[in-house]
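# Examining the three-dimensional arrangement
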Amino acid sequence: MFNPRCSTFQKPLRQRRFILCMYFVGFMDLFGVSMIVPLLSHHVKSLGATPTVAGIVGSTYGILQLFSSTLVGSWSDVVGRRYSLVTCILLSALGYGLLGLSTNIVLFIVARIPVGIFKHSLSICRALLSDLVSETERPLVMGHFNAASSVGFILGPVVGGYLTEHEGGFYTSSFICSGIFLLNAGLVWMLPWNDTFKKTDLATAKTSKGSSNNIKRKHEDSDHVKESAAPRERFFQPAWKQCSSVLLKIRALSSSDMWDVFLVRLLMAIAIMLYYSNFSLALEERFALKPKVTGYLISYSSTLGALAGFLVGPVTKLYHNDMSSMLLHSSILTCSLIFLYATAPSVWQVVLCSTFFAISTTIGRTCITDLELRLGGAQASGTLIGAGQSVTAVGRVLAPLLSGFAQEFSPCGPPSLGVVLALAAVLLLILKKPRGAKGEKRHPNL
């Protein structure tokens, strides 16, 4: 059931510790963020903002993320993961620290700007893990990283809610979150970057003997390792050189033929968001379910989603590392579960759908990310992951609009529309099955 060659614990001790530290960084990152996120709307209203102003302020973060995800991801490819990750974490810490000082709406908006632009630490961590492990190990490691991060997102609101019950609780939570990011920055900086990537390079060279394709892959990996462990001068090179390199990578991505994969990501992202958009309200109207019970169901689903990250490795082995088929089947399952939820005659069918929905969406997200990396190539992992986050950000902008329109007709309108979009993604996967499922690149120069 489990391939020991794909296990994190079969790696050299130094590399294993490095990966485990990345899991801890991901956990602490979302733990700190989730302490703040549920409290933001309440705090901005307490500052005297009208609902319209609160909505505009709330959308600022999403808009900044939409435009900065690809840029920061590509920048991490140019200057290296270490300096870009530490920079993003430190500037995010600055933003959350300013949030702890936001006694008026202007300071609140100023505090959200550095976070909106530079809160891409998880994306860079994923790109870093992609650099560090082989293609066959990547789904397993990514699944474990997503699971660790999700656990932090589940526990954070509990601590944030407890602190809010005391006077000045929001400001205390903000400073604690800022402190967590400073701790993460220190941890990332002290990691044994040079030794870890040298060992990875040697291991790649040993496993690449024999075939000409493997020799080519060895040189690609070696170059990428050098770029991942970029020297200090690379970070401090002139800004115009960094900008030109970033723009060249983004241009290469825009001219590649990967847009069908990004379209699948967008359609599935909107479908999943529509499923959750009016979840509490729909259950109350359809089954007279109390908000407290709905909260328990959401927590149950979130916990399963976190644990499902550990299933990615065994499922990948079951599919013989065929990520294209794995994505297709998980999308079909997700589409079917949204349909069953929209037509559920009883609350128990909703519980059953939520159980498998959490698992299918977790596996699907890992599949689409891994497929993007396989098609685009390892040397552009930051750009690819950043572009994927930008596509998802577009979904976050469109989903509330589509949900509001669909709710005009029925409480089941949003999930019903989600079924249509998920079905379109499934048809796209069937009609234009992504090439490169076995590892070939669509754009080797990306």
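All values reported here derive from a predicted model rather than from experimental measurement.

Using the criterion set out here, one finds 13 aromatic pairs in the structure. Plain terms: the ring middles of tyrosine 275 and phenylalanine 279 are 5.7 Å apart, the flat faces sit at 35° to each other, and that makes the pair tilted. Assigned by exposure class, tyrosine 275 and phenylalanine 279 land together as buried. Here the aromatic rings of tyrosine 275 and phenylalanine 357 are separated by 3.9 Å at their centres, their planes lie at 20°, and the arrangement is stacked. With a gap of 82 residues between them, tyrosine 275 in helix H12 (residues 259–277) and phenylalanine 357 in helix H17 (residues 347–376) connect regions that are remote in the sequence. Of the two residues, tyrosine 275 and phenylalanine 357, both sit in the buried class. Within the aromatic cluster, the residues linked to one another by ring pairs are Tyr275, Tyr276, Phe279, Tyr341 and Phe357. Its guanidinium or amino end placed over the ring of tyrosine 341, arginine 286 lies 5.4 Å from that ring's centre, counting from NZ or CZ.

Here we take up helix H3 (residues 81–99). Helix length check: H3 (19 residues) gives 27 Å between terminal C-alpha atoms against 27 Å at 1.5 Å per residue, within 8%. Buried residues dominate H3, accounting for 15 of its 19 residues.

Right, let's get into a nonpolar patch on the surface. On the surface, Val394, Val397, Leu398 and Leu401 cluster together to form a nonpolar patch covering roughly 310 Å² of accessible area. Take leucine 401: it is sitting in helix H18 (residues 381–407).

Before going further, it helps to spend a moment on the nonpolar core. Core analysis: the largest hydrophobic core is formed by 50 residues, its most contacted members being Phe279, Leu283, Tyr341 and Val350. When contributions to this core are tallied by element, the ones reaching two or more residues are H12, helix H13 (279–287), helix H16 (323–342), H17, H18 and helix H19 (413–431). A total of 11 residues in this core trace back to one element, the largest contributor, which is H12. If near-sequence neighbours (up to four positions away) are discounted, valine 350 is found in contact with Phe279, Leu283, Phe287, Leu297, Tyr341 and Ala344.

The rules behind these values
Residues numbered from 1 in each chain as written. Predicted model: local features only at pLDDT ≥ 70, side-chain atom pairs only at ≥ 80, totals over all residues. Heavy atoms only, no water. Phe/Tyr/Trp six-rings, centres within 6.5 Å; stacked < 30°, edge-to-face > 60°. Buried < 20%, exposed > 50% of the residue type's maximum accessible area, 1.4 Å probe, protein only. Helix = DSSP H or I, 4+ residues; strand = E, 2+ residues; numbered from the N terminus. Lys NZ or Arg CZ within 6 Å of the ring centre and 35° of its normal. Expected span 1.5 Å × (residues − 1). Patch = residues over 30% accessible without salt bridge, like charges linked within 9 Å, V, L, I, M, F, W, Y side chains within 5 Å. Areas by Shrake-Rupley, 256 points an atom, 1.4 Å probe, with all protein chains shown as cover. Salt bridge = Lys/Arg side-chain N within 4 Å of Asp/Glu carboxyl O. Core = buried A, V, L, I, M, F, W, Y, C linked by side-chain atoms within 4.5 Å. Contact = heavy atoms within 4.5 Å.

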